[in-house]
Amino acid sequence: MINLTVNGIKHSLDIEADTPLLWVVRDFLSLKGSKFGCGAGLCGACTMHLNGNPIRTCITPVSAVAGQAITTIEGLGNIESPSSVQKAWAEHNVPQCGYCQSGQIMSATALLASNEQPNDQDIDNAMSGNICRCGTYPRIKVAIKSIAAKKATTHAELFTNIMEAK
């Protein structure tokens, strides 16, 4: 029996310990947002978060993540309440075919959680493990920068409001 917490929900599954996490999430939990791309952890289509950090789930055995917090694309937001990254993706028309985009969004979300104001090099480094065959990289970078700009504006407004209140 393997115990998993996926998107805040605990699951006990009778599965082989070496089953890749991607297949567990897709086939046993019916969360289909993360995709199978290369099967070697090189393309990023299968990216999920493990304790907030992006991992390639096509090569991660489920036994290696037992008892830890796993977040899938479904755990970030939905149509009614999208995450800031999902909103930016829509606002900047990032997806073309869309196949890689759940992995792209998961990597961008992890980047922005650890660095609210990433520069071009930070973005390139964080996103380098995600391949987009359609070549939407410029739109991905614009979307990430738009989120950073909104956060910077929000922080500046907050600071101004605090200073004016004094």
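The shown structure was predicted, so the numbers you read here are calculated from the model rather than taken from an experiment.

(A) Structural view of the pairing of strand β2 (residues 9-13). Pairing between strand β1 (residues 2-6) and β2: five bridges, direction antiparallel. Note that in β2 the partner of I2 across the bridge is L13. Connecting β1 to the next strand, β2, in antiparallel fashion are two residues, including N7 with a positive phi near 55 degrees.

(B) How the structure looks around the environment of H11. As for its position among the elements, H11 is in strand β2. The exposure class of H11 is partly exposed, given its relative accessible area of 22%. Taking the C-alpha atoms as reference points, H11 and Q121, 110 residues apart in sequence, are found 38 Å from one another. Setting aside anything within four residues of it in sequence, one finds H11 in contact with I2, N3, L4, V6 and L29. Of the polar contacts made by the side chain of H11, one reaches the backbone oxygen of I9; its length is 3.5 Å.

(C) Structural view of the packing of helix α3 (residues 84-91) against helix α4 (residues 101-114). Packing of α3 against α4 leaves a shortest axis separation of 9 Å and a crossing angle of 125 degrees. The orientation of α3 with respect to α4, classified from their angle, is oblique. Seen from above, α3 lies across α4 with right-handed handedness. Taking contact as the criterion, the partners of V85, Q86 and W89 in α3 are, on α4, Q101, Q104, I105, A108, T109 and L112. Taken together, the residues that form the contact of α3 with α4 break down as five nonpolar, four polar and no charged.

(D) Layout of the side chain of T5. Within the secondary structure, T5 sits in strand β1. On the basis of relative accessible area, T5 is assigned to the buried category, the value being 18%.

(E) Broad picture of the sheet that holds strand β4 (residues 53-56). One open sheet accounts for five strands, arranged β2-β1-β5-β3-β4; its pairing is mixed. Single-partner strands in this sheet number two, and they are β2 and β4. On average, adjacent strands in this sheet sit at an angle of 40 degrees to one another, irrespective of strand direction. With two bridges connecting them, strand β3 (residues 47-50) and strand β5 (residues 69-71) associate as antiparallel partners.

Cut-offs applied
Residues numbered from 1 in each chain as written. Predicted model: local features only at pLDDT ≥ 70, side-chain atom pairs only at ≥ 80, totals over all residues. Heavy atoms only, no water. Pairing = 2+ DSSP bridges. Helix = DSSP H or I, 4+ residues; strand = E, 2+ residues; numbered from the N terminus. Buried < 20%, exposed > 50% of the residue type's maximum accessible area, 1.4 Å probe, protein only. Contact = heavy atoms within 4.5 Å. Polar contact = N/O pair within 3.5 Å; in protein donor to acceptor, adjacent residues only side chain to side chain. Axes fitted to C-alpha atoms, helices over the stretch in contact; angles between N-to-C directions. Parallel < 35°, antiparallel > 145°, perpendicular 65-115°, else oblique. Left-handed = near helix turned anticlockwise from the far one by under 90°. Nonpolar A, V, L, I, M, F, W, Y, C, P; charged D, E, K, R; others polar.

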